[in-house]
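# Secondary and tertiary structure notes
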Amino acid sequence: MAHRRRGPGLAGLKANKAQLASYRKVGDELNASQLESMQGQMKVFQTNLEEFAAKYKKTINKNPEFRKHFQDMCVNIGVDPLASNKGFWAELLGVGNFYYELGVQIVEAGLRTRSSNGGLMELGDVVQYVSQLRGSKAQKVSEDDIELAIKKLGVLGGGIRTLKVGKQKMVQFVPIELDNDHAVVLGAAQETGWVTRSALAAQLGWTELRIEKVLQPFLREGIAWIDDQADGERQFWFPALCHFW
């Protein structure tokens, strides 16, 4: 005779529920303990970082490479010394003010050179131009400093950003959308500073329509100039790659 298998019953369900509640409580206690331990470790890291910053303040301010490593250490433990130009970090290092001023100088460099490059500069040229604006007695700046300041400017909008072109990094000062095709054309122009339609077609295998679509925004914004005096066909020059400023 087959017997029907009985369920756990009311008492069994209550026991299972109590057991689950007990497991949950233990899990919550472990999570809380782990969180408290992690928070304690973070406080120790931050204290050590503050002591490190105080000890090496002059080196951080004067040496761009050392400043980059310090910034990386801050990021790794969730500390942003550039988040505000007030408070502990600004008082200790002045880093908030440093990158704020650097951001202003980057914008100024873009405005001053816009008529000659259309709003596009090689990153190294931006470093050189900003260094001239700052003067010989100011803190030296590096490409890393410029990139970090541009990231901070990004929250304000305005279209300033860095983009990779071949092996070079460029700074874009104009708020237009440059896609991968634009980067490829800039890369093709890096060695000579200019391109032609036929050279792009032969090198890239692009159609005439695709080439025209890429060149038009460059011409409209003044990033590329037309040279009809060259031998043969029309050339498209990129002043940002020729250091005309």
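Everything below is about the structure printed above this text.
Not measured: the values here are computed from a predicted model.

What counts and what doesn't
Residues numbered from 1 in each chain as written. Predicted model: local features only at pLDDT ≥ 70, side-chain atom pairs only at ≥ 80, totals over all residues. Heavy atoms only, no water. Helix = DSSP H or I, 4+ residues; strand = E, 2+ residues; numbered from the N terminus. Buried < 20%, exposed > 50% of the residue type's maximum accessible area, 1.4 Å probe, protein only. Areas by Shrake-Rupley, 256 points an atom, 1.4 Å probe, with all protein chains shown as cover. Core = buried A, V, L, I, M, F, W, Y, C linked by side-chain atoms within 4.5 Å. Contact = heavy atoms within 4.5 Å. Pairing = 2+ DSSP bridges. Phe/Tyr/Trp six-rings, centres within 6.5 Å; stacked < 30°, edge-to-face > 60°. Salt bridge = Lys/Arg side-chain N within 4 Å of Asp/Glu carboxyl O. Axes fitted to C-alpha atoms, helices over the stretch in contact; angles between N-to-C directions. Parallel < 35°, antiparallel > 145°, perpendicular 65-115°, else oblique. Left-handed = near helix turned anticlockwise from the far one by under 90°. Nonpolar A, V, L, I, M, F, W, Y, C, P; charged D, E, K, R; others polar.

Here the focus is the overall build of the protein. A count of helices and strands for the protein gives 10 helices and six strands. Buried positions account for 36% of the 245 residues belonging to the protein. About 15500 Å² of surface is accessible on the protein, with carbon and sulfur atoms providing 53% of the total.

Once that is clear, we can look at the nonpolar core. If you look at the biggest cluster of nonpolar residues, it comprises 23 residues, and the most contacted ones within it are L120, M170, V185, V195, F218, I223 and F238. Those elements that provide at least two residues to this core are strand 2 (161-165), helix 8 (180-188) and helix 10 (208-221). For this core, the element with the highest residue contribution is helix 10, accounting for four residues. Residue contacts for V195: discarding those within four places in its chain leaves V185, A188, A189, L200, R234, Q235, F236 and F238. Grouped together as the second largest cluster of nonpolar side chains are 20 residues, L123, Y129, I146 and I150 included.

Turning next to the sheet that holds strand 6 (residues 235-237). Here we have three strands laid out as an open sheet, ordered 4-6-5, and antiparallel in their pairing. In this open sheet, the two strands that pair with only one neighbour each are strand 4 (194-195) and strand 5 (225-227). Bridge count between strand 4 and strand 6: two bridges; the pairing is antiparallel. When the bridges of strand 6 are listed, W194 appears paired with W237.

In total, this model carries two aromatic pairs according to the counting rule given. Pairing F218 with F238 gives two aromatic rings, centres 5.2 Å apart and planes at 90 degrees, and the pair type is edge-to-face. In this pair, F218 is assigned in helix 10 and F238 in the segment after strand 6, connecting sequence segments 20 residues apart.

What follows is about the pairing of strand 2. Where strand 2 meets strand 3 (residues 168-172), five bridges bridge the pair, whose relative direction is antiparallel. Counterpart to R161 in the pairing with strand 3 is Q172. In textbook terms, the turn of a hairpin is the stretch between consecutive antiparallel strands, and for strand 2 and strand 3 this stretch comprises two residues, one of which, G166, has a positive phi near 60 degrees.

Within the fold, Q105 resides in helix 5 (residues 95-117). With a relative accessible area of 16%, Q105 lands in the buried category. Discounting residues that sit within four places of it in the chain, Q105 has contacts with V130, L133 and R134.

As enumerated under the stated definition, the model contains six salt bridges in all. Note that E108 and R112 form a salt bridge whose closest N and O atoms lie 2.6 Å from each other. You can see E108 and its partner R112 sitting in helix 5, four residues apart, about one turn around the helix. Using a relative accessible area of 28% as the deciding quantity, one classes E108 as partly exposed.

Any two packed helices are characterised by the angle at which their axes cross and by the distance between the axes. Following both chains from N to C, one finds helix 9 (residues 197-204) and helix 10 inclined at 125 degrees, their axes separated by 10 Å at the closest point. Judged on the interaxial angle alone, helix 10 and helix 9 are oblique. Handedness of the helix 9/helix 10 crossing: right-handed. Taking contact as the criterion, the partners of R197, L200 and A201 in helix 9 are, on helix 10, I211, E212 and L215. For the contact of helix 9 with helix 10, the residue count by class is four nonpolar, no polar and two charged.

Attention now goes to the environment of V171. Along the chain, V171 turns up in strand 3. V171 gets classed as buried once you look at its relative accessible area, which sits at 0%. For the pair V171 and V126, spaced 45 residues apart in sequence, the C-alpha to C-alpha distance is 7.7 Å. Sequence-distant contacts of V171, defined by excluding residues within four places in its chain, comprise G119, L120, M121, L123, V126, I150, I160, R161 and T162.

Now for the sheet that holds strand 3. Pairing between sheet strands relies on hydrogen bonds along the backbone, with the strands arranged either parallel or antiparallel. An order of 1-3-2 is seen for the three strands of this open sheet, with the pairing classed as antiparallel. What marks the edges here is a single partner per strand, and that holds for strand 1 (120-122) and strand 2. Strand after strand, the sheet turns through a mean of 35 degrees between neighbouring axes, direction not considered. Against the sheet, helix 6 (residues 123-134) engages strand 1 and strand 3, with an angle of about 90 degrees to strand 1.

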